[in-house]
There are 2 protein chains.
Amino acid sequence: MEPCAPRFAQQLKKGILEMLVLQLIARRPSHGYELLLRLREGSSGLLTLKEGTLYPILYRLEDEGCIVSAWQNQAAEGRPMPRKVYTITPKGLDTLNAEQQVWQAFRACVDTFTGRDEA
Amino acid sequence: MEPCAPRFAQQLKKGILEMLVLQLIARRPSHGYELLLRLREGSSGLLTLKEGTLYPILYRLEDEGCIVSAWQNQAAEGRPMPRKVYTITPKGLDTLNAEQQVWQAFRACVDTFTGRDEA
DNA sequence: ATATAATGCTTAGCGATACTAAATATTATG
DNA sequence: CATAATATTTAGTATCGCTAAGCATTATAT
């Protein structure tokens, strides 16, 4: 029998990560590695992703037209490597708004069950 | 391109459903069909599951020792069919407590990103 | 010089879980 | 007798985070 809690935490991330990544990019265009750091620091380590988790999310968001990417190759002195910077699109903003509303409804729903109310 | 919001809502359910089902059974032992109704009514229709979604969750919880089941075959007048009533176990209660704590942390984390703070 | 670390992107394969869809069975109602 | 409501079971699919590994560039340490 495997422990329940870690698996539970892992499953909770599914889906929500896309919204959080979109949110971060909306706040400030970033490249992948920077998003990894912002996620980890902004969550006190709770959202410490591997690259293999983040990049597929970025490719998916780009396929859906929610973000666009651009290589920053020009040497900006001291920058170690070429980066791919992601920026949110109008469609991405719409998606983000829709997802935030879904999240609010979902959160309220779960809280209802977790609270003292009848169900 | 598929719509983002419905897929997003579906993904959010993953993982949380197990906690909610456990919560409902902890509050009052129930059979599967009744859980389906309680979930639907308690969520204003947001959590309207098919049987094929709920029963695998119940079997999983039973395999893990979080709940136990007992057939109620005896005719209780007017009862249409034999039912399998699920009851939470001590391990199930422990699991529920742990999952609720994970949920609280997760919720706080997401709200941090969704709010106005820096990230 | 060369090994190591830090930065940065990509991809293949796996596992967990909600979904659709259907089959089965009993009782009450038309 | 047909239909609906109740009630459980299971087969197959899709999504998505995970592990794991590989490649490439620059800075630092040995």
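Above this text you will find the structure in question.
Residues numbered from 1 in each chain as written. Chains lettered and ligands numbered in written order. Predicted model: local features only at pLDDT ≥ 70, side-chain atom pairs only at ≥ 80, totals over all residues. Heavy atoms only, no water.

Caption draft 1: Local environment of the overall build of chain A. Across its full length, chain A holds four helices and three strands. Along the chain direction, N to C, the helices and strands of chain A fall in the order α-β-α-α-β-β-α. Within chain A, the fraction of its 119 residues that count as buried is 40%. Surface accessibility of chain A: about 6400 Å² in total, with carbon and sulfur atoms responsible for 53%. (Helix = DSSP H or I, 4+ residues; strand = E, 2+ residues; numbered from the N terminus. Buried < 20%, exposed > 50% of the residue type's maximum accessible area, 1.4 Å probe, protein only. Areas by Shrake-Rupley, 256 points an atom, 1.4 Å probe, with all protein chains shown as cover.)

Caption draft 2: Layout of helix α3 (residues 51–63) of chain A. All names here are of chain A. For α3, with 13 residues, the first-to-last C-alpha span of 18 Å sits near the 18 Å given by 1.5 Å per residue. Residues of α3 that are buried include every one of Leu-54, Ile-57, Leu-58 and Leu-61, and no others. All buried residues of α3 lie within an arc of 100° about the axis, which places them on one face of the element. Exposed residues on α3 whose side chains face more than 90 degrees from its buried face are Gly-52 and Asp-63. The positive-phi residue at the C-terminal boundary of α3 is Gly-65, with phi of around 80°. (Expected span 1.5 Å × (residues − 1). Arc of directions from axis to C-beta.)

Caption draft 3: The relation of the copies chain A and chain B, seen in detail. With an axial shift of 0.0 Å and an RMSD of 0.1 Å, the rotation relating chain A to chain B amounts to 180°. A rotation of that kind, with that shift, is consistent with a two-fold axis. Of all interface residues in chain A, 98% are interface residues in chain B too; the two copies therefore contact each other through one and the same surface. (Least-squares fit on C-alpha atoms with pLDDT ≥ 70 in both. Contact = heavy atoms within 4.5 Å.)

Caption draft 4: The arrangement of the packing of helix α2 (residues 32–42) of chain A against α3(A) in detail. All names here are of chain A. Two numbers describe how α2 lies on α3: the axes approach to 10 Å, and their chain directions differ by 115°. Here the hand of the crossing between α2 and α3 comes out right-handed. Of the residues in α3, those touching α2 at Gly-32, Tyr-33, Leu-35 and Leu-36 are Glu-51, Leu-54, Tyr-55 and Leu-58. Its residues assigned to classes, the contact of α2 with α3 comprises six nonpolar, one polar and one charged. (Axes fitted to C-alpha atoms, helices over the stretch in contact; angles between N-to-C directions. Left-handed = near helix turned anticlockwise from the far one by under 90°. Nonpolar A, V, L, I, M, F, W, Y, C, P; charged D, E, K, R; others polar.)

Caption draft 5: Structural context of the pairing of strand β3 (residues 83–88) of chain A. Both strand β1 (residues 30–31) of chain A and β3(A) contribute to a ladder of two bridges, which runs antiparallel. The residue bridging A:His31 from the neighbouring strand is A:Val85, located in β3(A). (Pairing = 2+ DSSP bridges.)

Caption draft 6: Expanded view of the protein's contact with DNA strand D. The environment of DNA strand D is formed by 30 residues, the closest being A:Thr53, B:Tyr33, B:Tyr55, B:Tyr59 and B:Arg83. B:His31 places a side-chain nitrogen or oxygen 3.5 Å from a phosphate oxygen of DNA strand D. A distance of 3.1 Å is found between a phosphate oxygen of DNA strand D and a backbone nitrogen or oxygen belonging to B:Gly32. If you list the elements that add at least two residues to the surface near DNA strand D, you get α1 (4–27) and α3 of chain A together with α1 (4–27), α2 (32–42), α3 (51–63) and β3 (83–88) of chain B. When grouped by side-chain class, the residues that make up the surface near DNA strand D number 12 nonpolar, eight polar and 10 charged. (Near = heavy atom within 4 Å. Polar contact = N/O pair within 3.5 Å; in protein donor to acceptor, adjacent residues only side chain to side chain.)

Caption draft 7: Geometry of the interface of chain A and chain B. With 48 residues of chain A at the contact, the number on the chain B side is 47 residues. The three residues of chain A that bury the most area against chain B are A:Phe8, A:Phe106 and A:Phe113, which together make up 17% of that side's buried surface. Taken together, chain A and chain B are joined by six salt bridges. The salt bridge involving A:Glu18 is made with B:Arg7; its shortest N-O contact spans 2.8 Å. If you look at where chain A meets chain B, you find 12 residue pairs in polar contact (both at pLDDT 80 or more). The set of elements that each furnish at least two residues to the side of chain A that touches chain B consists of α1, α2, α3 and α4 (90–114) of chain A. (Buried area = accessible area lost by both parts, 1.4 Å probe. Salt bridge = Lys/Arg side-chain N within 4 Å of Asp/Glu carboxyl O.)

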